[in-house]
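Coordinate inspection notes
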Amino acid sequence: MPFSDLGILLGDVSLLEIEHYTKDPMKAQNMTLRKILRRNKNSELGKKFGFADIHSIDEYRKKVPLTTYADYEPYVERMIHNREKNLMYTGRNVRYCSSSGSVGKPKILPKSVKDLWNMQCIGFSCSVSTAAHYIKKTKGKRLPAQMGPLVLVLTGHPLEDGKRCNGAGQVPLTYLKPITRFFCTSPASLLYPEHEELLDTSYLQLRFALANRNVSYLGSIVVTLLTTMFDYLEDNWEMLCDDIEKGIINPGIKITPELRKEYSKKFKPDPKRAEELRREFRKGFDTPIAPRIWPKLTWAYGMIGSNLKVYVKKLRHSIGDDIPLHNMGYAAAEGFFAMPTELDVHDGVLLPHCIFFEFIPVNDDEEDTDESEEIKTLLISELEVGKKYEVVVSNFSGLYRYRMEDVVTVTKMHNNTPRVELLYRRNLSMNVANEKTTTQMVDFAAKNTASQAGVELVGHSFYADYSTKPPRYCMLAETKEPVSEEKRAELIEILDSQLKDVNEKYFKYRRWGMLNTPEVLILKPKTYWDYRESLRGRGVVLNQIKPVTVINSKEREDFFFSHVETENSSAVEEWKNSKKESAASKA
């Protein structure tokens, strides 16, 4: 039996569970909460909140307050540094997951065996099973044996207590190391490297994948890694074909001596395959390249939420419209929340048997609720299609009524359970490649950049610049004194370093080629004064005008780019061209 068939079998079991529990989600939610309370009643937090005496959802909501990461950080520190057990939940600490946190410090959360099992079965097996059923239904054929590149790195990092810490999306594949050779073109030493920073992973992943004619899928945690792979391929296909023809690893590629020796034994000269590839590459990349070089390619997967739609469009350019995409689902360090049960969709059905959910209604026209006010949450049965909600979760790993700060919208129903799409994070500022940089992070980076460069800022705003390949952060800054080109170059260098320091994912994505060197654009004097006055002129009350941390609307984009002094920037040129195109279309 191919390993993909085993994945389909396990996925089918999980899909049957989803079908069963989504028919009566409140029954499943009551069951889930009872299990959480029963399992964790003897933990330190369980005793603090009196889990043993809670017998209903209403009692739980009355006795346990809404929480944030700050409520759990002291317990996590005790787990890691003192190796204490039974603090947040009952049972041993198996491993940890990291998520976007405060400046320079990601949130670290423990994972219980129950939550890890859910992430494993749903996060990996459901994807394969869903793809198999889709291919059977739409194309009338069986899903071929799975073999393809996993465009990711799964190493994680050890913590003081000896346990490993990974991103949530890495967990399902982390436990499959012994069998990855049966479905992945890259060897385990490339997927789980000891020193990932010493490797040119873009080259090596493609070097193995291109040599294999039988690639049937493309996989990653987020689709941005797949688009980066195709960008690298377009820029370096001649080198890769030459190396395939000669059966070598390019001498100029960054790789440890040990792995160069190991991989060199795996490659043999293959002039036939090299010529096959050259023939397709010479035709250009204007039409989808992936099906031309991998004729057995059947599907691709990765996170494709609403904030990544620009990358989905870019990936379609490389794989075409006939290759279905599977969204990996809505998951985070806090748990697995929603799973798509079909391909080519951006939403997923909530999993009432895995997490206990509550929701806070979100109205974009209203100010955020005062923290001193009592917040009334809704249950899964009270959600309405088309409405937005902030997600609150309780899981098996010690989070209770935890405010995710994620905002979702209900798209439709699956059986009697809402399907949701993740829209944004409430405190999120920049998310160009799924790196999730918060407002606090960019503000900290901007202020430190100015301080180190000896520049005094009047104001600053960040903009997601897609005019370069890969995209980049763009900081628009008004300064007290004029800034020379030399000083602007210094600001760019310092800003890049600061962003790497404050956000671990930004650091990784810069290294992996998913983000470009940032840009700094200098604004004309009095820009922020003029912006404030323009708002006041439209009737906005002065005390309602907030700092513009991120330029996230066409109105803001037009205002601030019309006030840029810096010349010779692709970001400015792209904005000018879009204005010309817009004017021409109206003429």
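Nothing here was measured: the structure is a model prediction, and the numbers come from that model.

1. Let's talk about the overall build of the chain
Counting its secondary structure elements, the chain contains 20 helices and 19 strands. Over its C-alpha atoms the chain spans a radius of gyration of 25 Å, differing by no more than 12% from the 25 Å that the globule rule assigns to 587 residues. Seen through its C-alpha atoms, the chain measures out along the principal axes to roughly 70 × 70 × 55 Å. Expressed as a percentage of the 587 residues in the chain, the buried residues total 56%. When contacts within the chain are restricted to residue pairs at least 6 apart in sequence, long-range pairs at least 24 apart make up 68% of them. When the accessible area of the chain is evaluated, it comes to approximately 26200 Å², of which 50% is carbon and sulfur surface. Positive and negative charge centroids in the chain, built from 84 and 80 side chains respectively, lie 6 Å apart.

2. Remarks on the pattern of salt bridges
If you walk through the whole model with that rule in mind, you get 30 salt bridges. Arg-278 is the salt-bridge partner of Asp-242, the closest N and O atoms lying 2.9 Å from each other. On the criterion of sequence distance, the pair formed by Asp-242 in helix 10 (residues 223-246) and Arg-278 in helix 12 (residues 271-281) is long-range, its members being 36 residues apart. Residue Asp-242 is classed as partly exposed on the basis of its relative accessible area, which comes to 32%. Since its relative accessible area comes to 9%, Arg-278 is described here as buried. Across the pair Glu-275 and Arg-282 runs a salt bridge, and its minimum N-O distance is 3.5 Å. Residue classification places Arg-282 among the exposed positions, given a relative accessible area of 56%. One network of salt bridges, with partners in common, ties together Asp-242, Glu-245, Glu-275, Arg-278 and Arg-282.

3. What to know about the sheet that holds strand 18 (residues 472-479)
Across the sheet, which stays open at both edges, the 3 strands sit in the order 17-18-19 with mixed pairing between neighbours. At either margin of the open sheet sits one strand with a lone partner, and together these are strand 17 (457-465) and strand 19 (519-522). The average undirected angle you get between the axes of adjacent strands in this sheet is 25°. Here 8 bridges tie strand 17 to strand 18, and the two strands are oriented antiparallel to one another. For Asp-465, the partnering residue across the bridge sits in strand 18 and is Arg-472. Across the sheet, helix 19 (residues 554-561) lies against strand 17, strand 18 and strand 19, angled at about 125° from strand 17, the strand it touches most.

4. Topic: a nonpolar patch on the surface
A contiguous nonpolar patch, built from Leu-6, Leu-9 and Leu-10 and spanning about 250 Å² of accessible area, is present on the exposed surface. Examined against the element boundaries, Leu-6 turns out to sit in helix 1 (residues 3-21). The exposure class assigned to Leu-6 is partly exposed, which follows from its relative accessible area of 36%.

5. Brief notes about the packing of aromatic side chains
Each aromatic ring pair is specified by the distance between its two centres and by the angle formed by the two planes. Enumeration over the complete set of coordinates arrives at 24 aromatic pairs. Taking the centre distance of 6.4 Å and the plane angle of 70° together, the rings of Phe-337 and Phe-357 count as edge-to-face. You can see Phe-337 sitting in strand 9 (residues 335-339) and its partner Phe-357 sitting in strand 11 (residues 356-362), a full 20 residues away along the chain. Phe-357 matches Phe-337 in its accessibility class, with the two residues each being buried. The lysine or arginine in question, Lys-114, covers the ring of Phe-396, its NZ or CZ lying 5.7 Å from the ring centre. The cationic tip of Arg-207 hangs over the ring face of Phe-267; the distance from NZ or CZ to the ring centre is 3.8 Å.

6. Some remarks on the pairing of strand 13 (residues 402-414)
Within a regular beta strand, the side chains point alternately toward one face of the sheet and then the other, so they alternate between its two faces. Relative to strand 13, strand 12 (residues 388-394) runs antiparallel, the two sharing 5 bridges. Note on strand 13: the bridge partner recorded for Val-392 is Arg-403. Hairpin connection between strand 13 and strand 14 (residues 417-425): a loop of 2 residues separates the two successive antiparallel strands, and Asn-415 in this loop has a positive phi of roughly 55°.

7. Let's talk about helix 15 (residues 439-453)
Taking 1.5 Å of rise per residue, the 15 residues of helix 15 would be expected to cover 21 Å, and the 21 Å separating its terminal C-alpha atoms lies within 8% of that figure. Here helix 15 has its buried residues at Met-441, Val-442, Ala-445, Ala-446, Thr-449, Ala-450 and Ala-453. Mapping the buried residues of helix 15 onto a view down its axis gives an arc of 155°, with all of them on the same face. Turned more than 90 degrees away from the buried face of helix 15 sit Lys-447 and Ser-451, all of them exposed.

8. Some thoughts on the sheet that holds strand 7 (residues 325-327)
Spatially, 3 strands are ordered 5-6-7 in an open sheet, and the strand pairing comes out parallel. At either end of the open sheet lies a strand with only one pairing partner, and these are strand 5 (217-222) and strand 7. Neighbouring strand axes in the sheet, compared pairwise and without regard to direction, differ in orientation by 15° on average. In the sheet, strand 5 pairs with strand 6 (residues 299-303) via 4 bridges, with the strands oriented parallel. By the bridge assignment, Tyr-217 is partnered in strand 6 with Trp-299. Against the sheet, helix 10 touches strand 5 and strand 6, its axis set at about 125° to strand 5.

Thresholds, definitions, all that
- Residues numbered from 1 in each chain as written.
- Predicted model: local features only at pLDDT ≥ 70, side-chain atom pairs only at ≥ 80, totals over all residues.
- Heavy atoms only, no water.
- Helix = DSSP H or I, 4+ residues; strand = E, 2+ residues; numbered from the N terminus.
- Rg over C-alpha atoms; globule rule 2.2 N^0.38 Å.
- Buried < 20%, exposed > 50% of the residue type's maximum accessible area, 1.4 Å probe, protein only.
- Contact = heavy atoms within 4.5 Å.
- Areas by Shrake-Rupley, 256 points an atom, 1.4 Å probe, with all protein chains shown as cover.
- Lys, Arg positive; Asp, Glu negative; His and termini not counted.
- Charge placed at Lys NZ, Arg CZ, Asp CG, Glu CD.
- Salt bridge = Lys/Arg side-chain N within 4 Å of Asp/Glu carboxyl O.
- Pairing = 2+ DSSP bridges.
- Axes fitted to C-alpha atoms, helices over the stretch in contact; angles between N-to-C directions.
- Patch = residues over 30% accessible without salt bridge, like charges linked within 9 Å, V, L, I, M, F, W, Y side chains within 5 Å.
- Phe/Tyr/Trp six-rings, centres within 6.5 Å; stacked < 30°, edge-to-face > 60°.
- Lys NZ or Arg CZ within 6 Å of the ring centre and 35° of its normal.
- Expected span 1.5 Å × (residues − 1).
- Arc of directions from axis to C-beta.

Take it as geometry only, folks, not as evidence of what the structure does.
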